[in-house]
Amino acid sequence: MKKELLRVHISELSRKTGVSLRSLRYYEEKELLSPDRQNNGYREYRETDIERVRLIQMYFSLGLTVKEIMSFFQCAFDEQPRIECLPNAIEVGKRKLDDIQLQIELLKQAEIHLQKNIKAWEAVLDKGDRRNEQG
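Parameters at a glance
Residues numbered from 1 in each chain as written. Predicted model: local features only at pLDDT ≥ 70, side-chain atom pairs only at ≥ 80, totals over all residues. Heavy atoms only, no water. Core = buried A, V, L, I, M, F, W, Y, C linked by side-chain atoms within 4.5 Å. Buried < 20%, exposed > 50% of the residue type's maximum accessible area, 1.4 Å probe, protein only. Helix = DSSP H or I, 4+ residues; strand = E, 2+ residues; numbered from the N terminus. Contact = heavy atoms within 4.5 Å. Salt bridge = Lys/Arg side-chain N within 4 Å of Asp/Glu carboxyl O. Phe/Tyr/Trp six-rings, centres within 6.5 Å; stacked < 30°, edge-to-face > 60°.

## Let's talk about the nonpolar core
So, point 1. Counting 23 residues, the largest nonpolar core has L13, L24, Y27, L32 and L33 as its most contacted members.
So, point 2. Among the secondary structure elements, those contributing two or more residues to this core are α1 (10-17), α2 (21-29), α3 (48-61), α4 (66-76) and α5 (86-134).
So, point 3. Among the elements that make up this core, the one with the highest residue count is α4 (six residues).
So, point 4. For L24, the residues in contact, after removing those within four places along its chain, are I10, L13, S14, V19, L33, Y45 and V53.

## Observations concerning the pattern of salt bridges
So, point 1. On inspection of all chains with the given rule, the structure shows ten salt bridges.
So, point 2. Note that R37 is salt-bridged to E28, the shortest N-O span being 3.3 Å.
So, point 3. With relative accessibility at 45%, the residue R37 sits in the partly exposed group.
So, point 4. R46 serves as the salt-bridge partner of D49, at 3.9 Å between the closest nitrogen and oxygen.
So, point 5. On the basis of relative accessible area, R46 is assigned to the partly exposed category, the value being 22%.

## A look at the packing of aromatic side chains
So, point 1. The full count for this structure, using the stated rule, is two aromatic pairs.
So, point 2. Among the aromatic residues, those joined into a ring-pair cluster are Y26, Y27 and F60.

See below:
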């Protein structure tokens, strides 16, 4: 027995993802989402679109374009990935992964720098507190 997929309207998808109605309509316009339409014209989204919207948001936050995101989705969300989309998706993915690894390295350097400064500043305060106690 096949389980019926949960369907949600655009307002429910917006509520569950925290993404505005305007953005969801934009994603549809750019073919990142393709909801079914009911007879009354209402959009009806699949439960899997909740995760898809979250991925769209993540990819946008990483600086990917609509075209780059679409290339990932053609490979990631189709039941059988299209062979022709794989080289581009791999190239974009590797480039973005390099960017992320660079950002991580910069953040690690910033973390080390701040830890050293905080430790030095706390030492200065400790010396100052000891002087005040002795005086």
